[in-house]
Amino acid sequence: MFHKVVIMGGGVLGSQIGLMCAYTGHDVTFWLRSEGSIGRTKPKLDGYAKAMIASLEQAKGLIGNPMGARLYPQGLIDVWDGVTAEKIDGLIALAQRNLASNVHIALDMADALADADIVFEAMTEDPAAKTDLYRRMAPLMPAKTILCTNSSTLLPSQFAEATGRPGRFLAMHFANRIWVFNTAEIMGHAGTDPDVYRQVVEFAKDINMVPIEVHKEQPGYVLNSILVPFLLAAEGLWANDVADPETIDLTWRRATGAPFGPFQILDDVGLDTAYAIGRMQPGADDPTTTMGRISARLKEKIDKGETRVTAGKGFYDHSAR
Ligand SMILES: NC(=O)c1ccc[n+]([C@@H]2O[C@H](COP(=O)([O-])OP(=O)(O)OC[C@H]3O[C@@H](n4cnc5c(N)ncnc54)[C@H](O)[C@@H]3O)[C@@H](O)[C@H]2O)c1
C-alpha cells in the first residue's frame, strides 16, 4: 500500500522503525540533521540489523522448545506453529538483503520527504524542537503524505496545527526492540481523518506489527499508562534505598513469572529517556521528594555514560554482549 517511508531521526526507536519497514520490503529514507548524526546513526543501524538477524538465528534453537512460542521474535516470523529451520534461513537471507538495500540516508530534508507515503517523526522528546521540525517539514511533504509521531508522552493534538495537515497526522507508538515486541499503538487526535487512521492500522500490519487501536487521546497510550507508574515505583524503591535494582528485579520476576524486572526494562529503554520522563513529574527538582531523588540518581548514572544496554552499562553491566 505504502512504498516510501521516511524516518525523521535515527535514534533508538527511529532506527528500529526504519529497519522493520526495510525488512518488510519498504523503501526507507532516514532524514538526519548533520554529518555528525550520520556518524552516530550508522553504527546503530548496523547494530540493530545484526540484532535482528541474531534473533532469527536464535529462533532456530527454539524450535521444539515449549517456550519457543513465547520467546520467538514475533515481528520477524509471522507464524511460529510449524516453523522450520529452512524457513528461518530464508528469512535471514531476506533480512540480509532488505536491510542492506532498502535503507537510505539523506541530509537534505526536501530530498528526504519528496514522494513520501508515510513519515515517522522519531526525534528527541522535546515539544519545542518537535514543533519546529513539523513547521519545517510542512511545506516539503506532498499532499498524500501521512505523518505519524512516535512520541511516548506527548499528544498529537499538541502538534496538529504545526504539521499543516491535521487530518493526516496521528501517533503510531512502538515499543523498544520492535522486532520482538511488535505492538504499534495507533492514536489520532480529534481532527484525524478516520480513513487515514484505518490506512495506518493496515500499514501497521504490513510491517508485521500488531495494531493496538487507542480510541481517544490518552497520555502514555495503553502501554505507558501502565509501564511509567510501574517503572517509577521501582525507581523510587532504589532512590530511597529500600532495595537494590537486582533485588527489585528478582522480586518482580519470581513473584509474577515476568521474564524481566523493571531495571532490566530500564536498561533497554535508556536511562536518559527515563530521566526525561521523570523531569516532567512534579517534584523532579526537589531533592526532598522521591521524584527529586530519582532524578538526581539517574543523572549521576547518565553523567557517567551508564545509559543503556548499547552503551555497555546501565543498571547492569552489558560490556560482554
Ligand atoms: N526509547 C524508547 O524506548 C522509546 C519507545 C517508544 C517511543 N519513543 C519515542 O521515540 C522518540 C525518539 O526516542 P529515542 O529513544 O529514539 O531517542 P534518541 O535520543 O535515541 O534519538 C533521538 C534522535 O533525534 C535526533 N534529534 C534530536 N534533536 C533533534 C533536532 N533538533 N532536529 C533533528 N533531529 C534531532 C537525534 O539526533 C537522534 O537521532 C521520542 O519521541 C520517544 O518518546 C522512545
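The written sequence of each chain sets the order in which its residues are numbered from 1. With the structure being a predicted model, the display of local features is reserved for residues of pLDDT at least 70 and the display and counting of side-chain atom pairs for 80 or more, all residues being used for whole-chain, interface and lining totals.

Caption draft 1: Expanded view of the overall build of the protein. Helix numbers and strand numbers start at the N terminus; a helix is a DSSP run of H or I with at least 4 residues, a strand a run of E with at least 2. Regarding its fold elements, the protein presents 13 helices and 8 strands. The size measure is the radius of gyration over C-alpha atoms, and the globule rule it meets is 2.2 Å times the number of residues to the 0.38 power. Here the C-alpha atoms of the protein give a radius of gyration of 20 Å, agreeing with the 20 Å that 2.2 N^0.38 yields for 321 residues. Looking at the protein residue by residue over its 321 residues, the buried ones come to 38%. Buried, partly exposed and exposed are defined by the number of other C-beta atoms within 10 Å of a residue's own C-beta, namely 20 or more, between the two limits, and 12 or fewer respectively, with C-beta atoms placed from the backbone.

Caption draft 2: Region of the structure containing the site of the ligand. The ligand sits among 23 residues. The nearest are Gly-9, Gly-11, Met-123, Ser-152 and Asn-176. Counting only elements with at least two residues in the shell around the ligand, the list comes to helix H1 (12-23), helix H6 (127-137) and strand S6 (169-174). Residue contributions to the shell around the ligand peak at 3 residues, all from H1. In terms of residue class, the shell around the ligand is made up of 8 nonpolar, 13 polar and 2 charged. Note: domain ranges come from an automatic or database domain assignment. Each of domain 1 (4-214) and domain 2 (225-311) gives at least three residues to the shell around the ligand. Any residue whose C-beta atom, as placed from the backbone, lies within 6 Å of a molecule or strand is termed near it. Throughout this entry, Asp, Glu, Lys and Arg are counted as charged residues, while Ala, Val, Leu, Ile, Met, Phe, Trp, Tyr, Cys and Pro are counted as nonpolar. The remaining residues, Gly among them, count as polar.

Caption draft 3: Quick look at unusual backbone geometry. Although it is not a glycine, Arg-177 sits at a positive phi angle of roughly 60°. Note on placement: Arg-177 falls in the loop between S6 and strand S7 (183-187). In this structure, Asp-241 takes a positive phi of about 55° despite not being glycine. Relative to the elements of secondary structure, Asp-241 occurs in the loop between helix H9 (223-239) and helix H10 (245-256). Owing to 9 C-beta atoms within 10 Å, Asp-241 belongs among the exposed residues under this scheme.

Caption draft 4: The sheet that holds S7, seen in detail. Here a strand pair is declared whenever DSSP counts at least two bridges between the two strands. Taken in spatial order, the 8 strands make up an open sheet running S3-S2-S1-S4-S5-S6-S7-S8, and their pairing is mixed. Each end of this open sheet is capped by a strand with a single partner; those strands are strand S3 (103-106) and strand S8 (210-214). The mean inter-strand angle of the sheet, taken between neighbouring strand axes irrespective of direction, is 25°. Note that S7 and S8 share 5 bridges and pair parallel. Pairing of Ala-184 across the sheet is with Pro-211, part of S8. Think of each axis as a best-fit line through the C-alpha atoms, taken over the contacting stretch in the case of a helix, with angles from 0 to 180 degrees between the N-to-C directions.

Caption draft 5: Geometry of the pairing of S7. Burial runs high along S7: 4 of the 5 residues are buried. For a crossover, the right-handed case is the one in which the path from the first strand over the helix to the second runs clockwise, viewed with the strands pointing away from the viewer. Where the polypeptide runs from S7 across helix H8 (residues 194-206) and back to S8, its parallel neighbour, the crossover connection is right-handed.

Caption draft 6: Looking closely at the nonpolar core. Each nonpolar core comprises buried Ala, Val, Leu, Ile, Met, Phe, Trp, Tyr and Cys residues, the members being joined through C-beta atoms within 7 Å. In terms of nonpolar packing, the biggest core is built from 62 residues, with Val-119 and Cys-148 touching the most fellow members. No other element matches the 8 residues that H1 contributes to this core. C-beta atoms are first placed from the backbone for all residues, and any pair lying within 7 Å is then listed as a contact. Those residues in contact with Cys-148, other than ones at most four positions away along the chain, are Ile-118, Val-119, Phe-120, Leu-170, Ala-171, Met-172 and Val-200. If you look at the next biggest cluster of nonpolar residues, it comprises 14 residues, including Leu-231, Ile-248, Phe-263 and Val-269.

Caption draft 7: Structural context of the domain arrangement of the protein. Domain boundaries assigned for the protein yield domain 1 (4-214) and domain 2 (225-311). Computed over C-alpha atoms only, the centres of domain 1 and domain 2 are separated by 26 Å. Every contact between the two is made by 6 residues of domain 1 and, on the other side, 7 residues of domain 2.

Caption draft 8: Local environment of helix H4 (residues 85-101). Multiplying 1.5 Å by the residue count of a helix minus one yields the expected span of that helix. Taking 1.5 Å of rise per residue, the 17 residues of H4 would be expected to cover 24 Å, and the 24 Å separating its terminal C-alpha atoms lies within 8% of that figure. The complete set of buried residues in H4 reads Ile-88, Ala-95 and Leu-99. The buried residues of H4 occupy an angular sector of 5° when the element is viewed end-on, so they sit on one face. Relative to its buried face, H4 has exposed residues pointing more than 90 degrees away, namely Glu-86, Gly-90, Ala-93, Ala-100 and Ser-101. Structurally, H4 contributes buried residues whose contacts are with H1, helix H2 (35-60) and S3. The directions considered for the arc are those from the helix axis to the C-beta atoms.

Caption draft 9: Region of interest: the packing of H2 against H4. Closest axis-to-axis distance for the H2/H4 pair is 9 Å, and the angle between their directions is 175°. One element, H2, and the other, H4, form an angle in the roughly antiparallel class. Residues Ala-49, Met-52, Ile-53, Leu-56, Glu-57, Ala-59 and Lys-60 of H2 form the contact with H4, whose participating residues are Ala-85, Ile-88, Leu-91, Ile-92, Ala-95, Gln-96 and Leu-99. Here the residues of the contact of H2 with H4 sort into 11 nonpolar, 1 polar and 2 charged. Roughly parallel means an angle under 35 degrees; roughly antiparallel, over 145; roughly perpendicular, 65 to 115; everything else is oblique.

Caption draft 10: The arrangement of H10 in detail. The end-to-end C-alpha separation of H10 is 16 Å, in line with the 16 Å expected for 12 residues at 1.5 Å each. By the burial criterion, the buried members of H10 are Pro-245, Ile-248 and Asp-249. Taken down its axis, H10 places every buried residue within 100° of arc, on the same side. Those residues of H10 that are exposed and angled more than 90 degrees off the buried face are Arg-254 and Ala-255. Each element contacted by the buried residues of H10 is listed here: H9 and helix H11 (262-269).

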